Amino acid sequence: MDTIYARKEEQSRLLSNDIRTLFKGVPCHAEVFKYVQWHNLALATTKRLHLPTHVLHYESYETDFNATLQKLLEFLDLEQVGEAPT
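Here the structure is a predicted model, which means the values were calculated and not measured.

Draft legend 1. Seen up close, the overall build of the protein chain. Each helix and strand counted, the protein chain has 5 helices and 0 strands in total. On C-alpha atoms alone, the protein chain measures out to a radius of gyration of 18 Å, which is more than a quarter above the 12 Å that the 2.2 N^0.38 rule sets for 86 residues. Principal-axis analysis of the C-alpha atoms places the extent of the protein chain at approximately 50 × 30 × 20 Å. Going through the 86 residues of the protein chain one by one, you find that 16% of them count as buried. When the accessible area of the protein chain is evaluated, it comes to approximately 7,500 Å², of which 57% is carbon and sulfur surface. For the protein chain, the distance from the average site of its 9 positive side-chain charges to the average site of its 12 negative ones is 17 Å.

So this is what it looks like as structure tokens:
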């Protein structure tokens, strides 16, 4: 599978030579490449189209659930319905 994406990976303007070097020897790095490429393209698209974005870190649910929930609801312009599970 890695060979299918090797050419795309080599030609990608989204990957620096440092990242390409780090990929060498990583099993299934094509999957990592696709994951990173998707996120890079999504961020570039939202920036180009001036779309509002909200970065949410999964661990924030554990470290500060209430603040994380409130920030998300504010971004989505939603009100909380009911109580959050504890």
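Draft legend 2. Up close: helix 3 (residues 29-48). With 20 residues, helix 3 extends 28 Å from end C-alpha to end C-alpha; this agrees with the ideal 28 Å at 1.5 Å per step. Of the positions making up helix 3, those classed as buried are His 29, Ala 30 and Phe 33. On an axial view of helix 3, the arc spanned by its buried residues comes to 90 degrees, and they lie on one face. Away from its buried face by more than 90 degrees, helix 3 exposes Tyr 35, Trp 38 and Leu 43.

Draft legend 3. Looking closely at the pattern of salt bridges. Enumeration according to the criterion identifies 1 salt bridge in this entry. A salt bridge links Lys 34 to Glu 31; its shortest N-O distance comes to 3.1 Å. One end of the pair, Lys 34, and the other, Glu 31, are both in helix 3, 3 residues apart, so they sit about a helical turn from each other. Glu 31 gets classed as partly exposed once you look at its relative accessible area, which sits at 42%.

Draft legend 4. Just the packing of aromatic side chains, in detail. Evaluated as defined, the whole model comprises 2 aromatic pairs. Residues Tyr 61 and Phe 65 carry aromatic rings whose centres are separated by 5.9 Å and whose planes lie at 40 degrees to one another, so their mutual orientation is tilted. An aromatic cluster is present here, built from Tyr 58, Tyr 61 and Phe 65 joined pairwise through their rings.

Draft legend 5. Summary view of the side chain of Thr 68. Residue placement: Thr 68 occurs in helix 5 (residues 65-76). Classification of Thr 68 as buried rests on a relative accessible area of 8%. Beyond its immediate chain neighbours, meaning those up to four positions away, Thr 68 contacts Leu 56, Ser 60 and Tyr 61.

Rules used throughout
Residues numbered from 1 in each chain as written. Predicted model: local features only at pLDDT ≥ 70, side-chain atom pairs only at ≥ 80, totals over all residues. Heavy atoms only, no water. Helix = DSSP H or I, 4+ residues; strand = E, 2+ residues; numbered from the N terminus. Rg over C-alpha atoms; globule rule 2.2 N^0.38 Å. Buried < 20%, exposed > 50% of the residue type's maximum accessible area, 1.4 Å probe, protein only. Areas by Shrake-Rupley, 256 points an atom, 1.4 Å probe, with all protein chains shown as cover. Lys, Arg positive; Asp, Glu negative; His and termini not counted. Charge placed at Lys NZ, Arg CZ, Asp CG, Glu CD. Expected span 1.5 Å × (residues − 1). Arc of directions from axis to C-beta. Salt bridge = Lys/Arg side-chain N within 4 Å of Asp/Glu carboxyl O. Phe/Tyr/Trp six-rings, centres within 6.5 Å; stacked < 30°, edge-to-face > 60°. Contact = heavy atoms within 4.5 Å.

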